[in-house]
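# Remarks on the overall topology
For reference, the chains in residue letters:
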Amino acid sequence: GAVVSQHPSWVICKSGTSVKIECRSLDFQATTMFWYRQFPKQSLMLMATSNEGSKATYEQGVEKDKFLINHASLTLSTLTVTSAHPEDSSFYICSARRILELNTEAFFGQGTRLTVV
Amino acid sequence: QKEVEQDPGPLSVPEGAIVSLNCTYSNSAFQYFMWYRQYSRKGPELLMYTYSSGNKEDGRFTAQVDKSSKYISLFIRDSQPSDSATYLCAMSVAQGAQKLVFGQGTRLTINP
């Protein structure tokens, strides 16, 4: 299957600082990548859809000025959590879609655990 | 009402048992159905995907879709302790759609 790499795997930051998370598709090109957030024992909630060369599309209730998304190339998308606060502590996961004939598959990165202290 | 409903469990079964995991959905526009396995502190791993009603088998795993009842299932045969994980169902609308909607996930433990 396709490989999606996410970095870092975990990060601890002080309240008020910004954190950048990278998502790379290693062996395929992804015009679209997705950013999810997952709280403990809960499902994945889509935050935004990242489109290469254009602005990201945010889900309702997600602050675009707080969660900055940049899709710099066909293999890289970044999520920056600005002015992080303890309530932003969560597991952030990216995925990339590869279109295969009539089917669509989404491959996920290993996730980034963010702890804001 | 959530678009996708999945019993969060936890579900605990003995090794070798057949496991049945289920999701129901309310949006009849969903056409593609996926099952993911997620180990603790890891990203989800795609197990099965299908886009038609009926059964699809892959090794010990069988995915079943019943669009008329808006009900999907994942069966695991000869369950192993290594199958212990959270299983998430996910769905999307027709080809080209980008948004996946996930169930809450069922936490499964296989006891040796």
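Treat the numbers as computed from the prediction; the structure is a model and nothing was measured. (Residues numbered from 1 in each chain as written. Chains lettered and ligands numbered in written order. Predicted model: local features only at pLDDT ≥ 70, side-chain atom pairs only at ≥ 80, totals over all residues. Heavy atoms only, no water.)

### Some thoughts on the overall build of chain B
Keep this limit in mind: Only runs of H or I of at least four residues qualify as helices and only runs of E of at least two qualify as strands under DSSP, and these elements are numbered from the N terminus. Values of the radius of gyration come from C-alpha atoms, whereas the globule rule sets the reference at 2.2 Å times the count of residues to the power 0.38. The classification of residues rests on relative accessible area computed with a 1.4 Å probe and restricted to protein chains. Under 20% of the type maximum is buried, over 50% is exposed, and intermediate values are partly exposed. In this analysis, two residues are considered to be in contact whenever any of their non-hydrogen atoms come within 4.5 Å of each other. Values of accessible area rely on a 1.4 Å probe in the Shrake-Rupley scheme; residue burial ignores everything except the protein chains shown. A residue counts as positive if it is Lys or Arg and as negative if it is Asp or Glu; His and the chain ends are not included. Think of each charge as sitting on NZ of Lys, CZ of Arg, CG of Asp or CD of Glu.
Tallying secondary structure elements over chain B gives 0 helices and 11 strands in all. Mapped in sequence order, the helices and strands of chain B form the string β-β-β-β-β-β-β-β-β-β-β. The C-alpha atoms of chain B give 13 Å as radius of gyration, which agrees with the globular expectation for 112 residues (13 Å, within 12%). C-alpha atoms of chain B, sized along the principal axes, occupy 40 × 30 × 25 Å. Buried positions account for 41% of the 112 residues belonging to chain B. For chain B, the share of sequence-separated contacts (at least 6 apart) that also reach a separation of at least 24 residues comes to 56%. Of the roughly 5400 Å² of accessible surface on chain B, a fraction of 47% belongs to carbon and sulfur atoms. Of the side-chain charges in chain B, 11 are positive and 10 negative, and the distance between the mean point of each set is 7 Å.

### Topic: the sheet that holds strand β7 (residues 67–73) of chain A
Residue and element names in this part refer to chain A. Here is the rule we go by: Strand pairing is assigned whenever DSSP detects at least two bridges linking the two strands. The axes used here are C-alpha line fits, helices contributing only the stretch in contact, and every angle between their N-to-C directions lies in the interval 0 to 180 degrees.
Strand order across the open sheet formed by 4 strands is β1-β3-β8-β7, with antiparallel pairing between neighbours. Both outer strands of the open sheet, β1 (4–7) and β7, are each paired with one neighbouring strand and no more. Neighbour to neighbour, the strand axes of the sheet diverge by 15 degrees on average, direction disregarded.

### Quick word on the packing of aromatic side chains
Residues and elements named next belong to chain B. Stated formally: Stacked, edge-to-face and tilted labels apply to pairs of Phe, Tyr and Trp rings (six-membered ring for Trp) whose centres lie within 6.5 Å, assigned for plane angles under 30 degrees, over 60, and everything in between, in that order. Whether a charge sits over a ring depends on NZ of Lys or CZ of Arg being within 6 Å of the ring centre and within 35 degrees of the ring normal.
If you walk through the whole model with that rule in mind, you get 10 aromatic pairs over all chains. Relative to F30, the ring of Y25 has its centre 6.0 Å away and its plane inclined at 70 degrees; by these criteria the two rings are edge-to-face. Taken as a pair, Y25 and F30 share a single burial class, namely buried. For the ring pair Y25 and F33, a centre distance of 5.3 Å and an interplane angle of 45 degrees mean the geometry is tilted. A cation over a ring is seen here: K56 above Y49, with NZ or CZ 4.2 Å from the ring centre.

### Describing the pairing of strand β11 (residues 106–111) of chain B
Residues and elements named next belong to chain B. Of the two faces of β11, the one lined by T106, L108 and I110 is fully buried and the one lined by R107, T109 and N111 carries no buried residue. With 4 bridges connecting them, strand β2 (residues 11–14) and β11 associate as parallel partners. Looking across to β11, one finds that P14 is bridged to N111. Where strand β9 (residues 85–92) meets β11, 3 bridges bridge the pair, whose relative direction is antiparallel. By the bridge assignment, Y87 is partnered in β11 with T106.

### Topic: the interface of chain B and chain A
Just so we agree on the cut-off: Salt bridges are identified by distance alone: a Lys or Arg side-chain nitrogen within 4 Å of an Asp or Glu carboxyl oxygen. A 3.5 Å cut-off defines polar contacts: any pair of N or O atoms within that distance qualifies, except that in protein one atom must be a possible hydrogen donor and the other a possible acceptor, and neighbouring residues in sequence count only when both atoms are side-chain atoms.
Of the residues lining the interface, 23 residues belong to chain B; the matching set on chain A comes to 26 residues. At the boundary of chain B and chain A, one finds 0 salt bridges. Counting the contacts that link chain B with chain A gives 3 residue pairs in polar contact (both at pLDDT 80 or more). Looking at the side of chain B that touches chain A, the elements that each hand over two or more residues are β4 (32–38), β5 (45–50) and β9 of chain B. At 4 residues, the largest contribution of residues to the side of chain B that touches chain A is made by β4 of chain B.

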